Amino acid sequence: MAARAEKTGVTAGKRPVVREVECKTVLNRSSIGDYSMNCYTGCQHACVYCYARFMQRFHPHPEPWGEFVDVKVNAPEALAKQLRRAKPGGVFVSSACDAWQPLEKKWELTRQCCRLLIEHGFKVNALTKSTLVLRDLDIFQPGLTRVGTTITTLDARLARLWEPAAGTIAQRWRILETAHEAGLETSVMFGPLLPWLSDGQESLDALFERAAEIGVDVIWVDAMNPRPRVWPSVGQLVRREFPDLHERYSRMLHHKPTREAYLAALGERVRKAARRAGVEDRLAGCPG
Ligand code: SF4
């Protein structure tokens, strides 16, 4: 990618440093689906546990995660070229950013790229914390689109701490309700669940009940993972807000036997919640 210009851009509570860059490709082979597509590097939502922080290793920025975004201004053109040869498949949108973060409102790169993907028979698997995705209902098509969101807790205060600039939990449920009503397949990722904050049986029961009420088609549950660059940010928040949990978080993430025991117990609670809500058959991924 070549930097084309540098400026301070659109804000979402924070003022991200925005760089306009050109890319050669925007569609990549992926272990998550057949492909992933990212029109941006960096994410204004600034989630404390974000696994995409590892991107800073390949795209160094002086700003912390959440305070910079590289905008791939030629993403639709690059994608159009790739689509001449690529075999249709599922495309995860997006793996290293939220494709509908606030900047997308101005740039509409994700929108243009999703339109191209669908026109070429690819399936868009959207996962976002932003209601901006609902803008694109006019281009999404049943059978070629799944609309999903991520929810880590039902507690608004916890969500604000861990996902400071993302949409509210109520907005995320609304994404699922609206997409479902529009006849689109829907999915929810409950994760990463916050150890000892949102991973108890009561929390899980409430999450699964709501998903069942809405009629969500696919449910994944993810535990917090010790991915590169995650612990410094998670550890700092836990030390500041939940000092009594700091040592437990550290052991759960870094001590293998403790982690295995944690995951096994969490998996049992998740399966119990899914059974109670009558959606066990929609559980596509579960820890433990
Ligand atoms: S919305 Fe997703 S990509 Fe963006 S910061 Fe949060 S976890 Fe990372």
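Residues numbered from 1 in each chain as written. Predicted model: local features only at pLDDT ≥ 70, side-chain atom pairs only at ≥ 80, totals over all residues. Heavy atoms only, no water.

A word on the overall build of the chain. Scanning the chain from N- to C-terminus turns up 10 helices and 12 strands. In terms of overall dimensions, the chain has a C-alpha envelope of 50 × 45 × 30 Å along the principal axes. When the 288 residues of the chain are sorted by exposure, 55% land in the buried category. A sequence separation of at least 24 residues applies to 73% of the contacts in the chain between residues at least 6 apart. Just so you have it, the chain exposes about 12800 Å², and 48% of that area is on carbon and sulfur atoms. Within the chain, one finds 41 positive and 33 negative side-chain charges whose respective centroids are separated by 5 Å. (Helix = DSSP H or I, 4+ residues; strand = E, 2+ residues; numbered from the N terminus. Buried < 20%, exposed > 50% of the residue type's maximum accessible area, 1.4 Å probe, protein only. Contact = heavy atoms within 4.5 Å. Areas by Shrake-Rupley, 256 points an atom, 1.4 Å probe, with all protein chains shown as cover. Lys, Arg positive; Asp, Glu negative; His and termini not counted. Charge placed at Lys NZ, Arg CZ, Asp CG, Glu CD.)

A word on the side chain of Asn74. Within the fold, Asn74 resides in the loop between strand E6 (68-72) and helix H2 (75-83). The exposure class of Asn74 is buried, given its relative accessible area of 14%. In this structure the side chain of Asn74 is engaged in a polar contact, spanning 2.8 Å, whose partner is the backbone oxygen of Cys23. Beyond its immediate sequence surroundings of up to four residues, Asn74 is in contact with Val21, Glu22 and Cys23. (Polar contact = N/O pair within 3.5 Å; in protein donor to acceptor, adjacent residues only side chain to side chain.)

Right, let's get into the pattern of salt bridges. Under the counting rule described, the total for this entry stands at 16 salt bridges. Residue Arg19 pairs with Asp70 through a salt bridge whose shortest N-O separation is 2.9 Å. Of the two residues, Arg19 is situated in strand E2 (residues 17-22) and Asp70 in strand E6; the sequence distance between them amounts to 51 residues. Residues Arg157 and Glu241 are paired through a salt bridge, measuring 3.6 Å at the closest nitrogen-oxygen approach. Separated by 84 residues along the polypeptide, Arg157 in helix H5 (residues 156-162) and Glu241 in helix H8 (residues 230-241) bring together distant segments of the chain. Residue Glu241 is classed as partly exposed on the basis of its relative accessible area, which comes to 28%. Overlapping salt bridges, with partners in common, bring together Glu104, Arg111, Arg135, Asp136 and Asp138 in one network. (Salt bridge = Lys/Arg side-chain N within 4 Å of Asp/Glu carboxyl O.)

On to the domain arrangement of the chain, then. For interface size, the figure often reported is the accessible area lost on association. When its domains are assigned, the chain resolves into domain 1 (14-141) and domain 2 (148-288). Where domain 1 touches domain 2, the interface holds one salt bridge. When the shortest N-O distance is used, the salt bridge between Lys123 and Glu185 registers 2.7 Å. Summed over the shared surface of domain 1 and domain 2, the number is 13 residue pairs in polar contact (both at pLDDT 80 or more). Secondary-structure elements contributing two or more residues to the side of domain 1 that touches domain 2 are helix H1 (55-58) and strand E8 (123-128). Broken down by element, the residue count for the side of domain 1 that touches domain 2 peaks at four residues, all from E8. For the side of domain 1 that touches domain 2, the per-class residue count stands at 13 nonpolar, seven polar and four charged. (Domains from an automatic or database assignment. Nonpolar A, V, L, I, M, F, W, Y, C, P; charged D, E, K, R; others polar.)

A cis geometry characterises the amide bond from Val93 onward to Ser94, with omega recorded as 5°. Secondary-structure assignment places Ser94 in the loop between strand E7 (90-93) and helix H3 (103-107). Residue Pro192 is bonded to the preceding Gly191 through a cis peptide linkage, with omega at 0°. Here Pro192 is to be found in strand E10 (residues 185-193). We note that Ala46 has phi near 55°; this positive angle belongs to a residue other than glycine. Looking at where Ala46 falls in the secondary structure, it is placed in the loop between strand E5 (40-41) and H1. Backbone geometry places Glu108, a non-glycine residue, at a positive phi of 55°. Looking at the secondary structure, you find Glu108 in the loop between H3 and helix H4 (109-119). Residue Glu108 is classed as partly exposed on the basis of its relative accessible area, which comes to 32%.

On to the pairing of strand E11 (residues 218-223), then. Bridge count for E10 against E11 is five bridges, and the pairing is parallel. What sits directly across from Val188, in E11, is Ile219. Between E10 and its parallel partner E11, the chain crosses via helix H7 (residues 201-214), and the hand of that crossover is right-handed. (Pairing = 2+ DSSP bridges. Right-handed = clockwise from strand over helix to strand, strands pointing away.)

All right, on to the sheet that holds E7 then. Read from one edge to the other, the open sheet built from eight strands follows the order E3-E4-E7-E8-E9-E10-E11-E12, with strand pairing classed as mixed. Only two strands of the sheet have a single partner each, and these edge strands are strand E3 (27-29) and strand E12 (283-285). Averaged over all pairs of adjacent strands, the angle between strand axes in this sheet comes to 25°, irrespective of strand direction. Bridging between E7 and E8 involves four bridges; their strand directions are parallel. Considered in E8, the bridge of Val93 is made with Ala126. Contacts from H7 reach strand E9 (145-151), E10, E11 and E12 within the one sheet, and its direction differs from that of E10 by about 170°. (Axes fitted to C-alpha atoms, helices over the stretch in contact; angles between N-to-C directions.)

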